[in-house]
Amino acid sequence: MSTLITKRDERTQPVRVVAGYAQTQVRNPREPLVSRPPTLSELTGPMDVAGRVRLLGGDIAGHGERQAIGQLMHLKLRVVDEDGAPVAGAVVEIWQANAAGRYIHPNDDDHAPPDPNFYGAARLLTDASGAFELRTVKPGAYPVPDSGGWWRPPHIHFSLFGKVWLSRLVTQMYFPGEPLNEQDRILNAVPDAAARERLVARFAPPTGEPRNALVFEHRIVLRGRAATPAQH
Amino acid sequence: MMIPTGEATIGPFFPPRYVDEGANDLTQWQGGTARGEVIEIRGRVVQEDGAPLENLILEIWQADAGGIYRHPADPRHAQADPGFFGWGRAATDAQGNYRFRTIRPGAPHGRQPHINFMVMFSGLMRILRTTMFFAEGDDPVLRAVPAGRRNLLIAKGKYEFNIRLRGEGETPFFDD
């Protein structure tokens, strides 16, 4: 088994230093990145990460008396590699803010209330078709402190393991039709409009199932010409 | 310009449970113990002004003591050490320090012994990748780095590998 790895197309990836996002100016390398010949070391990578990390369930919306506040939603996600082939058995880590735009995190303490019934993180495995389903509530938008009016649009974070070290991806998914998408400094750091579109989920017209939940569909491509842009 | 600190970051990045207990110890796996010399890698991660970065995520990937990768692309993978997974994750503490406990990798085919690093953090727009070496030597990846910067990829002592994301003495990162 060997994997052909092509360089990522720069236009489909975010610029590294972003105006109005101060941390990017002190944390991204000044020197040009070094091109290296790929060897076995980069064209292998951790397989079966599920054997090394603890999986957390794919239902984070809660049940009964312990239901999270917010719009119930199901996310149907599919993970494919550069050839469009499903990435089966891949570990996908997910985290998001609650419906009020608040994370369960010690650094997030300045604005919106936490929801005692919402932790906001999951760790799942893709099935044989590279798919999985997450039951959650739609995250809220939140203001970025000291940023001159920048709000993050509703989004969900993903960390994905592909088949090799070079396929590792951390990205975010956005929601269609959100006005804040137009001014988000992270989403719009990707120069190519078509690549930005690949970060936005598709709204699936309601069919009555699953009951009381909106459905969004999303596809993540780990590398290649149609790769999903990184988003940190 | 004001540089925001931990209290005014863009938003919490990885969730608290992202790094499992023991994820930075690669010497045990599935009830087995890895073969080879147990080593500890420590280092500090800083930004341009030298400020340490807290709760930054590092991941490593490496060959086993025999220089074999536990992955089907390695022609020798059937002989890989069953007690060694090869991947680990750590978060930096409030002083920017991280620690991995692992085994010293053997030399993979055509390479010097090395450990691949990945850096993830808020303010990094993408994953940053670098590689730690144990000594100077003829290696295609080390050779790709400008001669004057190669020493920044070589661990000091047993084994200290500091990472500076930007500025004087900046760690070389790869564009792959």
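Rules behind the numbers
- All residue numbers here refer to positions counted from 1 along the written sequence of the relevant chain.
- Starting at A for chains and at 1 for ligands, labels are handed out in the order in which the entities are written.
- With pLDDT at 70 or above as the cut-off, local features in this predicted model cover only qualifying residues; side-chain atom pairs require 80 or more to be listed or tallied, and sums for whole chains, interfaces and linings still use all residues.
- Side-chain figures throughout are based on the complete set of non-hydrogen atoms in the structure, without hydrogens or water.
- In what follows, salt bridge is the name for a side-chain nitrogen of Lys or Arg lying within 4 Å of a carboxyl oxygen of Asp or Glu.
- In this text, helices come from DSSP runs of H or I with a minimum length of four residues, and strands from runs of E with a minimum of two, each type numbered from the N-terminal end.
- Only protein chains enter the accessibility calculation, which uses a 1.4 Å probe; a residue whose area is less than 20% of its type maximum is buried, one above 50% is exposed, and one in between is partly exposed.
- Paired strands are those between which DSSP finds at least two bridges.
- As a rule, the C-alpha atoms of each element are fitted with a line to give its axis, helices using only the stretch in contact, and angles between N-to-C directions run from 0 to 180 degrees.

Here we come to the pattern of salt bridges. Taken as a whole, this structure holds 23 salt bridges over all chains when the rule is applied. With a closest N to O distance of 2.9 Å, Arg-126 of chain B and Glu-10 of chain A form a salt bridge. Of this pair, Arg-126 of chain B sits in the loop between strand 7 (114-120) and strand 8 (128-133) while Glu-10 of chain A is found in the segment before helix 1 (24-27), placing the two residues in two different chains. The class of Arg-126 of chain B is buried, set by a relative accessible area of 8%. We note a salt bridge from Arg-30 of chain A to Glu-48 of chain B, for which the minimum N-O separation is 2.4 Å. With Arg-30 of chain A in the loop between helix 1 and strand 1 (72-80) and Glu-48 of chain B in the loop between strand 3 (38-46) and strand 4 (57-61), this pair bridges two chains. Owing to a relative accessible area of 26%, Glu-48 of chain B belongs among the partly exposed residues under this scheme. Within the structure, one salt-bridge network assembled from shared partners comprises Arg-54, Glu-93, Arg-123 and Arg-168 of chain A together with Asp-20, Glu-59 and Arg-89 of chain B.

This part takes up the sheet that holds strand 7 of chain B. All names here are of chain B. Ordered by their spatial adjacency, four strands build an open sheet running 5-4-7-8, and the pairing between neighbours is antiparallel. With partners counted over all chains shown, the strands left at the sheet margins are strand 5 (87-91) and strand 8, one partner each. Recorded for the sheet is a direction-independent mean angle of 25 degrees between the axes of neighbouring strands. Note: strand 4 against strand 7, five bridges, orientation antiparallel. Within the sheet, the bridge partner assigned to Ile-57 lies in strand 7 and is Met-120.

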